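# Residue-level structural notes
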Amino acid sequence: VPIILAINKCDKPEADPDRVKKELLSYDLVCEEFGGDIQAIKISALKGHNLQELAEATVTLAEVLELKADPTGLVEGTVVESRTDKGKGPVTTAIVQRGTLKKGSVLVAGKTWAKVRLMFDENGASLSQAGPSTPVEIVGWKELPSAGDEILEVETEQRAREVVEWRKYVEEEEKINEDLEVIEAKQKEHRDTYKKNKETFSNMTWRQRKSAMYKANKQLMSSRPTEKLLDEKPTFPLIIKGDVDGSVEAILSIIDTYDAEEQCELDLVHFGVGDISENDIALAETFKGYVYGFNVNSNKYIQQLAAKKGVTIKLHKVIYHLVEDLKEELSNKLSPMVEQNIKGEFLHFFTLPILSEFPIA
C-alpha cells in the first residue's frame, strides 16, 4: 500500500519530527531522507501549516502510480466516519472510489442500508452527485454503519434488505458455531472426567464404589462455597458513548489493552454513538455500572434520572482525560494492600522487688 507520512503537531516548540522518522524505521517505513520512497510532510492540523503541501504530495503520488477510477457503473466507496445528527439522523462521511453517487441511490454498508436523501460536501453545501475521490456526507441511513465499512450500490431497496438480512444471518451462524465449539469443549472435558472417575471405581465393589462416590460428592459440595468466595473479584461494568464512530473505536482500542483482569474485571456492557439516553441509564442500573461519554451531552432529565437510580455519568472532551479517570476508578475497585513497616521496638523494663531471706522452720 502506498504511504505518505504526515507528522502532526509540528507547531509545538518541543516537536521532533526526525525522531518520529527514525522510530518508524523499525516498522520498515523508510522516508526519502533515509533513502526510502515515503514522503514525509510536517504539518499542524491546529494551525493549518503545510496542508496544501500534503495535498500536493498526495496528487503527485497518485499521478506516479497512475491511479484512476471509473466514474461509470455501480458505486463503490468506504465509510470514513459516522455520527448521529439531531436534525438529519444517521449521517456518514464517505469517499467514493468508483461510480458516481446520486440522490436516490440505494447503498449497503455493513449490516445496514440507505436510500440517499441528501448529500453534502466538506463545506456543508448540498450536492446532487459525487464522483470518484469525492468526500461526501450521506443522509438517509436506516442505522449507523461502522467506520471502515465498504459501501456498495444495489439496484433496489428490496435487494438492499436481502443483502442486509443475509449478512445478519451469516453473522448469527458464525456466532452459533463459536458457541458450539465452546459447548463441545466443555462436553469433552466432562466426558474425560467421567471416564477418569469410572476407571478409578472400576476395581471396587458396589459398596466401596457407593462409599467413595459419597465421600467425593461430600468433599465437592463442601468446597464449593469456598471456591465461590475465592472466584469473586471486583468488576467494573462500563458503558461508552461517543460523538462519532471513530472516537468510540479509539476508546475501545485503548480498553482492549487492559491486562489486569485477574485483579479487577473490566466488563464492557454497551457502546454506541450519540448522546446518553434512558436505555444507557437502564443498562447501567441493571449492571451497576458507569456511563462514560466523550464529546456527548446528557440533558437535565437524563442527569436527574441517573441521580435517582444511583448511576454515575462522566463526560469528557479529551480521550486521555477519560482514560485517566477510568484508571482511577479501576484502582478504587481494588482491595487495599496492607503493608507492615516496623519503625522500632519498645523495650519494657521491670523492677523486681528484693525479697528478704526468711529462716526455714
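Residues numbered from 1 in each chain as written. Predicted model: local features only at pLDDT ≥ 70, side-chain atom pairs only at ≥ 80, totals over all residues. Heavy atoms only, no water.

### Quick word on the overall build of the protein
- Per the secondary structure count, the protein includes 8 helices and 14 strands.
- When burial is assessed residue by residue, the protein has 27% of its 361 residues classed as buried.
- Pairs at least 24 residues apart make up 66% of the contacts formed inside the protein by residues separated by at least 6 positions. (Helix = DSSP H or I, 4+ residues; strand = E, 2+ residues; numbered from the N terminus. Buried < 20%, exposed > 50% of the residue type's maximum accessible area, 1.4 Å probe, protein only. Contact = heavy atoms within 4.5 Å.)

### Focus: the sheet that holds strand S13 (residues 290-294)
- Here we have 4 strands laid out as an open sheet, ordered S12-S11-S13-S14, and parallel in their pairing. With one partner strand each, in any of the chains shown, strand S12 (265-273) and strand S14 (312-316) form the two edges of the open sheet. Ignoring which end each strand starts from, the neighbouring axes of this sheet average 20 degrees apart.
- Taken together, the 8 bridges between strand S11 (residues 235-242) and S12 define a ladder with parallel strand orientation. Residue Thr235 lies in a different strand from S12, and its bridge partner there is Glu265.
- Of the strands in this sheet, S11, S12 and S13 touch helix H5 (residues 245-255), which is tilted by about 170 degrees from S12.
- In this fold helix H8 (residues 319-333) packs onto S11, S12, S13 and S14, with an angle of close to 165 degrees to the strand it touches most, S13. (Pairing = 2+ DSSP bridges. Axes fitted to C-alpha atoms, helices over the stretch in contact; angles between N-to-C directions.)

### Observations concerning the pairing of strand S4 (residues 89-98)
- Taken together, the 9 bridges between strand S3 (residues 76-85) and S4 define a ladder with antiparallel strand orientation. By the bridge assignment, Arg83 is partnered in S4 with Val91.
- Here S3 folds back onto S4 in antiparallel fashion, the turn holding 3 residues.
- Where S4 and strand S9 (residues 135-141) come together, 5 bridges link them in antiparallel fashion. The partner of Thr93 across the bridge, within S9, is Glu137.

### Things to note about helix H7 (residues 300-309)
- Taken as a whole, H7 has its buried residues at Ile302, Leu305 and Ala306. Across the axial projection of H7, the buried residues extend over an arc of 100 degrees, all falling on one side. Opposite its buried face, H7 presents the exposed residues Lys300, Ala307 and Lys308, each directed more than 90 degrees away.
- Contacts from the buried residues of H7 go to helix H6 (278-287) and S14.
- Where H7 starts, the residue carrying a side-chain oxygen 3.2 Å from the main-chain nitrogen of Tyr301 turns out to be Asn299.
- Once H7 finishes, Gly310 follows within two positions and takes phi at roughly 75 degrees, a positive value. (Arc of directions from axis to C-beta. Polar contact = N/O pair within 3.5 Å; in protein donor to acceptor, adjacent residues only side chain to side chain.)

### Describing helix H2 (residues 51-64)
- With 14 residues, H2 extends 20 Å between its outermost C-alpha atoms, agreeing within 8% with the 20 Å of an ideal straight helix rising 1.5 Å per residue.
- Two residues or fewer past H2, Glu66 is found with a positive phi of approximately 55 degrees. (Expected span 1.5 Å × (residues − 1).)

### Some words on the sheet that holds S3
- Taking strand neighbours around the barrel as the criterion, the 6 strands line up as S3-S4-S9-S7-S6-S10 in a closed arrangement whose pairing is antiparallel. Geometrically, the sheet is characterised by an average inter-axis angle of 50 degrees between neighbouring strands, direction not taken into account.

### Looking at the packing of H6 against H7
- One can describe the packing of H6 onto H7 by two numbers: an axis separation of 10 Å at closest approach and a directional angle of 10 degrees. Classed by the angle they form, the pair H6 and H7 counts as roughly parallel. Judged by the twist between their axes, the crossing of H6 over H7 is right-handed. Judged by residue contacts, Glu278, Ile281 and Glu285 of H6 engage Tyr301, Ile302, Leu305, Ala306 and Lys309 from H7.
- Residues belonging to the contact of H6 with H7 are distributed by class as follows: 5 nonpolar, no polar and 3 charged. (Parallel < 35°, antiparallel > 145°, perpendicular 65-115°, else oblique. Left-handed = near helix turned anticlockwise from the far one by under 90°. Nonpolar A, V, L, I, M, F, W, Y, C, P; charged D, E, K, R; others polar.)

### Digging into the packing of H5 against H8
- Interaxial distance between H5 and H8 falls to 11 Å at its minimum, and their mutual angle equals 35 degrees. H5 and H8 meet at a crossing whose hand is right-handed. Between H5 and H8, the contacting residues are Ala250, Ile251, Ile254 and Ile255 on the first element and Ile319, Leu322, Val323 and Leu326 on the second.
- Grouping the amino acids of the contact of H5 with H8 by side-chain chemistry returns 8 nonpolar, no polar and no charged.

### Structural notes on the packing of aromatic side chains
- Applying the stated criterion across every chain yields a total of 2 aromatic pairs.
- For the ring pair Trp166 and Tyr169, a centre distance of 5.6 Å and an interplane angle of 35 degrees mean the geometry is tilted. One end of the pair is Trp166 and the other is Tyr169, both in helix H3 (residues 157-201) and 3 residues apart, which spans about a single turn.
- Note on Trp166: relative accessible area 54%, which makes it exposed.
- Among the residues examined, Tyr169 registers a relative accessible area of 42% and is labelled partly exposed. (Phe/Tyr/Trp six-rings, centres within 6.5 Å; stacked < 30°, edge-to-face > 60°.)

### Here's the deal with the environment of Glu165
- Within the fold, Glu165 resides in helix H3.
- Judged by relative accessible area, Glu165 falls into the exposed class, the value being 54%.
- Taking C-alpha positions, Glu165 is 7.8 Å from Lys111, a pair spaced 54 residues apart along the chain.

### Let's talk about the nonpolar core
- Core analysis: the largest hydrophobic core is formed by 17 residues, its most contacted members being Phe236, Leu238, Ile251, Ile255, Tyr292 and Leu326.
- Mapped onto this core, the elements with two or more residues apiece are S11, H5, S13 and H8.
- Top element by residues in this core is H8. It accounts for 5 residues.
- Counting 16 residues, the second-largest nonpolar core is a separate cluster that includes Val96, Ala109, Met119 and Trp141. (Core = buried A, V, L, I, M, F, W, Y, C linked by side-chain atoms within 4.5 Å.)

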